[in-house]
Amino acid sequence: MNTIRKIAVLTSGGDSPGMNAAIRAVVRAAVYHGIECVGIYRGYQGMIEGDFKALDARSVKNIINKGGTFLKSARSDEFLTKEGRKKAYDHLVREQIDGLIIIGGDGSFRGAVQFSREFDVPVVGIPSTIDNDIIGTDFTIGYDTALNTVVEAIDKIRDTASSHNRLFLVEVMGRDAGNIALHAGIGAGAGDILIPEHHLSYEQLLESLAQSKKSGKSSNIIVVAEGDRTGKNIFELADFIKKNDSGYEVRVTVLGHIQRGGAPSCYDRVLASRLGVGAVEAMLEGVERVMVGVKYGKIVTIPFAELLKKEIQKDTELIRIADIISI
Ligand code: F6P
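Residues numbered from 1 in each chain as written. Predicted model: local features only at pLDDT ≥ 70, side-chain atom pairs only at ≥ 80, totals over all residues. Heavy atoms only, no water.

## Observations regarding the domain arrangement of the protein
In terms of domain boundaries, the protein breaks down into domain 1 (6-142 + 264-307) and domain 2 (146-260). Each of domain 1 and domain 2 has a C-alpha centre, and these two points are 35 Å apart. With 11 residues of domain 1 in contact, the opposing surface of domain 2 contributes 10 residues. Interface area, domain 1 with domain 2, both sides summed: about 800 Å², of which 46% is carbon and sulfur. Its largest share of buried area at the contact with domain 2, domain 1 owes to Asp15, Ile130 and Asp131, together 54% of the area lost on that side. (Domains from an automatic or database assignment. Contact = heavy atoms within 4.5 Å. Buried area = accessible area lost by both parts, 1.4 Å probe.)

This is how it looks when you write it as structure tokens:
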């Protein structure tokens, strides 16, 4: 087992609310356990370029309430190359780093696995993405905040939908996963929810809209995940509905990056604090190449090898509930 005296922490991939709270927890857990902690700026790219800064308990003051990541984040093409990873490793050696904590999504973890295999560096991951699409944890940091942002936005859209008897198509984030659409769609009372994991044909959608009209719904809201394949995109879908006269006047709203920003919810701050401390303690116990996660309310560790080979299953129970309560 390696002796850990100094660790480094970085944030990678898309930012998510609560990343700062996670960095804060990592730094303070390191200080608490008597080891040093270094922040790496701009994710893997900063590791390649040697953009390191020593952090202490006070370096992370006043950030628990802030969205984004003060360490900044990047998607690094250079880290996908062996040469890039070697440069990154050389900087870790120069800085005498004994272990690395990666705060990010599954793409970031794939990079971490490759890196730790090639250079035998202990790595622990903290799941942080608004998409909540990582196996092995019930929740990822930022998801709860993003859901609340989306629900608040749709509540506002509902005012106009209902005042003008309109049908709104609202696009939410989620390239590969429909978690945001499904959960926020239920929370905001959507009539239909379109997600990549559960295909709805054009015909089924028109049929559902016709049913809604018939049952007396004067306005309607359809939540569409970014990655849904019902149409080429949400605008094409809106055109199709307009052409086929659903009986509603149609409008489109794309929520976009407002879903990634803003102050983290209390849930995300607490989750980030638990996972940050959990990651440092796992590393000190010699548990490595794992992600820390939360399962049934408890902090757990899952080997990267296990979580990266599995595919997320669609939530059939929630899809059924959404169908029942939207009649
Ligand atoms: O993975 C998080 C996420 O917000 C996805 O939901 C979205 O598809 C993607 O990132 C957008 O990435 P970018 O900000 O690089 O356009």
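There's plenty left to go through after this.
## Thoughts on the sheet that holds strand 8 (residues 220-225)
Taken together, four strands build an open sheet; the order of strands is 7-8-6-9 and the sheet is parallel. The open sheet is flanked by strand 7 (192-194) and strand 9 (249-254), the only strands paired with a single partner. Going from strand to strand, the sheet's axes swing by 20 degrees on average, the running direction of each strand aside. Where strand 7 lies against strand 8, three bridges are found, and the strand directions are parallel. Residue pairing for strand 8: Leu194 is matched across the bridge by Val224. Against the sheet, helix 5 (residues 143-163) touches strand 6 (166-172), strand 8 and strand 9, its axis set at about 165 degrees to strand 6. Helix-sheet contacts for helix 7 (residues 202-214) involve strand 6, strand 7 and strand 8, and the interaxial angle to strand 8 is about 155 degrees. (Pairing = 2+ DSSP bridges. Helix = DSSP H or I, 4+ residues; strand = E, 2+ residues; numbered from the N terminus. Axes fitted to C-alpha atoms, helices over the stretch in contact; angles between N-to-C directions.)

## Considerations on helix 3 (residues 82-94)
Here helix 3 is 13 residues long and its end C-alpha atoms lie 18 Å apart, about the 18 Å a rise of 1.5 Å per residue gives. Where helix 3 is concerned, the buried positions are Gly84, Arg85, Ala88, His91 and Leu92. The buried side chains of helix 3 occupy one side of the element, clustering within an arc of 115 degrees when seen end-on. Exposed and facing more than 90 degrees away from the buried side of helix 3 are Glu83 and Arg94. In the core, the buried residues of helix 3 are packed alongside strand 2 (36-40), helix 2 (43-49), strand 3 (52-55), strand 4 (99-104) and helix 4 (106-119). Downstream of helix 3 by a residue or two, Gln96 has a phi angle that is positive, lying close to 55 degrees. (Expected span 1.5 Å × (residues − 1). Buried < 20%, exposed > 50% of the residue type's maximum accessible area, 1.4 Å probe, protein only. Arc of directions from axis to C-beta.)

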